[in-house]
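# What the coordinates show
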Amino acid sequence: MAAMVFGFSSCKQEDDPKYHEPTTFTVNEPALKNQAFRTKSDMTDKETFNLFCSQPDYGYSAICNYSALVSLNPDAPIEEWKALPNLTPTSAQMAIKTYELGVAINQLLNVENAADFDARGLYDQEFKCYFKAVCEIPGIESSKIISQNTVSYDKVMINYAEKLPAWIYICGDVENIETGIANGFLAPSASNLDTYKANFALYEPDDMIGEKLYVGAFNLTPKASAIEGGTTPDDCAQFRFFTELLGWTTDASLGSNEADFYCEPITDKWEAGFSGDIVPQGLGNWGVLITEKKPVTIVVDQVNNKIFVKEGVHEVSFVGRDPEFN
């Protein structure tokens, strides 16, 4: 019995997973590599194509981020390849928007503008696009590895596409400073798209396109109950965010808490500058107790799930991903 126990203990120690840097990584040849498709020019279009790989050997099953690189020349130096984000970053079954591929190909072809695209007859051409996969464990720099092999889609046609600032929407007790239009928790539905886009969008700065850092300035509007003397979280001017207008669901919401109707008061922090965590798919709000309209500047970091709030209207610059309110 003692020998058996010792044997089991030794086996357990040997099987303890330990991280090590992977040495090999491959991406699978696409089954539909010879099927022609055209990229989209609208950044909101959801059409995707797929790349598949398996997790490299880290010594254990890790939560990884997967993405891709594309080139028109399989022998180009790796620094000349263009990065393609994965819509499902933790999945090795990558879904990549054809819009992102179109932007990358336009960049690889050094297309200056739509007129240049048309003059060169690029709409009617087919391109063979080469891909590599990228895998890394967040926070472990040595874990990043690029696939040794290259695969291709052989019949890609393109539209003109350029990278424009992306945006998200704010919903709640807010007002557009310029138009004076109030949100009042307007339903985040497709029928209200024009109102949201014109009045309640936070945009990526021009020099931070693709970084998923969104900036906006709005007026907070007081609740009637606060004006009448209420002091509870429910009396705060409240707000949260949506990445898309899909209704009152968690599919596209960014909130302070998972719970709907929850409010995280930040009244004592927003004047000097509040920073906190965002709950993806959360329905909770942030709130400020005010009795009159107050301007606010907000930064949302969707990559690190952080929110930054400061009273007043400010120009925002960044040191890395950290905002500075000027």
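Here the structure is a predicted model, which means the values were calculated and not measured.

## Focus: the overall build of the protein
Scanning the protein from terminus to terminus reveals 5 helices and 22 strands. Taking all 326 residues of the protein together, the buried fraction comes to 42%. Within the protein, counting contacts between residues at least 6 apart in sequence, those at least 24 apart form 69% of the total. Carbon and sulfur atoms form 50% of the exposed surface of the protein, whose accessible area is close to 16900 Å². In the protein, 24 side chains carry a positive charge and 47 a negative one; their mean positions are 4 Å apart.

## What about the pairing of strand β19 (residues 294–301)?
Of all 8 residues in β19, 6 are buried, a share of seventy percent or more. Pairing between strand β12 (residues 213–220) and β19: 8 bridges, direction antiparallel. If you follow Ala 217 over to β19, its bridge partner there is Thr 297. What sits between the antiparallel neighbours β19 and strand β20 (residues 306–311) is a turn of 4 residues, in which Asn 305 has the positive phi angle 55 degrees.

## Some words on the pattern of salt bridges
Following the criterion strictly, the structure yields 14 salt bridges and no others. Where Glu 244 meets Lys 46, a salt bridge forms, and the shortest distance between an N and an O atom there is 2.6 Å. Taken together, the positions of Glu 244 in the loop between β13 (237–242) and β14 (253–255) and Lys 46 in the loop between β1 (37–38) and β2 (48–52) put the pair 198 residues apart, joining distant regions of the chain. Relative accessible area serves as the criterion here: at 56%, Lys 46 is assigned to the exposed category. Two residues, Glu 311 and Lys 294, come together in a salt bridge whose shortest N-O distance is 4.0 Å. Here Glu 311, found in strand β20, pairs with Lys 294, found in strand β19; they are 17 residues apart in sequence, far enough to count as distant. Residue classification places Glu 311 among the partly exposed residues on the basis of a relative accessible area of 23%. Taken together, the shared-partner salt bridges in this structure form one network comprising Glu 29, Lys 33 and Asp 154.

## Digging into the nonpolar core
Among the nonpolar cores identified, the biggest contains 36 residues, and Phe 239, Phe 241 and Ile 298 are the most heavily contacted of them. Sorting the residues of this core by element identifies α2 (98–108), β9 (167–172), β11 (201–203), β12, β13, β18 (285–288), β19 and β20 as the ones contributing at least two each. At 5 residues, the largest contribution of residues to this core is made by β9. In this view, Phe 241 contacts Ile 168, Tyr 169, Ile 170, Leu 202, Ala 252, Ser 253, Leu 254, Trp 286, Ile 298, Val 300 and Ile 307; residues no more than four positions away in its chain are not counted. The next biggest cluster of nonpolar side chains, apart from the first, holds 34 residues, and it includes Phe 37, Tyr 58, Ile 105 and Phe 117.

## Focus on the confidence of the model for the protein
Model confidence for the protein is summarised by a mean pLDDT of 93, while 95% of its residues fall at 70 or above. Taken as a whole, residues 1–14 scores under 50 in pLDDT and shows 0 contacts with residues more than four places along the chain or in a different chain.

## Re the packing of aromatic side chains
Considering all chains together, one arrives at 14 aromatic pairs under this definition. Taken together, a centroid distance of 5.4 Å and an interplanar angle of 80 degrees make the contact between Phe 49 and Tyr 153 edge-to-face. Of this pair, Phe 49 sits in strand β2 while Tyr 153 sits in strand β8 (residues 151–157), and the two are 104 residues apart along the sequence. When its relative accessible area of 5% is taken as the criterion, Phe 49 is described as buried. Assessed through its relative accessible area of 7%, Tyr 153 is described here as buried. Ring geometry for Phe 239 versus Phe 241: centroids 6.0 Å apart, planes at 70 degrees, classification edge-to-face. A relative accessible area of 0% places Phe 241 in the buried class. Grouping aromatic residues by their ring pairs yields a cluster made of Phe 37, Phe 49, Phe 131 and Tyr 153. Positioned above the aromatic ring of Trp 81 is the side chain of Lys 132, whose terminal nitrogen or guanidinium carbon lies 5.5 Å from the ring centre.

## Structural notes on α2
With 9 of its 11 residues buried, α2 lies for the most part within the structure. Every buried residue of α2 is accounted for by Thr 98, Tyr 99, Glu 100, Leu 101, Gly 102, Val 103, Ala 104, Ile 105 and Asn 106. Count one or two residues on from α2 and you reach Asn 110, which has phi positive near 55 degrees.

## Section: the pairing of strand β16 (residues 274–277)
Taking every second residue as pointing to the same face, the buried face of β16 carries Phe 274 and Gly 276, while none of Ser 275 and Asp 277 on the other face is buried. Two elements, β16 and β20, share 4 bridges in a ladder whose sense is antiparallel. If you follow Asp 277 over to β20, its bridge partner there is Lys 306.

## Some thoughts on the state of the cysteines
The term disulfide refers to a covalent linkage connecting the sulfur atoms of a pair of cysteines. Inspection of the entire model under this criterion finds 0 disulfides. The closest cysteine sulfur to the non-disulfide-bonded Cys 64 is located on Cys 135, 3.8 Å from its own sulfur.

## Some thoughts on the environment of Glu 100
Looking at where Glu 100 falls in the secondary structure, it is placed in helix α2. Excluding residues that lie within four positions of it along the chain, Glu 100 makes contacts with Leu 84, Pro 85 and Lys 163.

Definitions and cut-offs
Residues numbered from 1 in each chain as written. Predicted model: local features only at pLDDT ≥ 70, side-chain atom pairs only at ≥ 80, totals over all residues. Heavy atoms only, no water. Helix = DSSP H or I, 4+ residues; strand = E, 2+ residues; numbered from the N terminus. Buried < 20%, exposed > 50% of the residue type's maximum accessible area, 1.4 Å probe, protein only. Contact = heavy atoms within 4.5 Å. Areas by Shrake-Rupley, 256 points an atom, 1.4 Å probe, with all protein chains shown as cover. Lys, Arg positive; Asp, Glu negative; His and termini not counted. Charge placed at Lys NZ, Arg CZ, Asp CG, Glu CD. Pairing = 2+ DSSP bridges. Salt bridge = Lys/Arg side-chain N within 4 Å of Asp/Glu carboxyl O. Core = buried A, V, L, I, M, F, W, Y, C linked by side-chain atoms within 4.5 Å. pLDDT = per-residue confidence, 0-100. Phe/Tyr/Trp six-rings, centres within 6.5 Å; stacked < 30°, edge-to-face > 60°. Lys NZ or Arg CZ within 6 Å of the ring centre and 35° of its normal. Disulfide = S-S within 2.5 Å.

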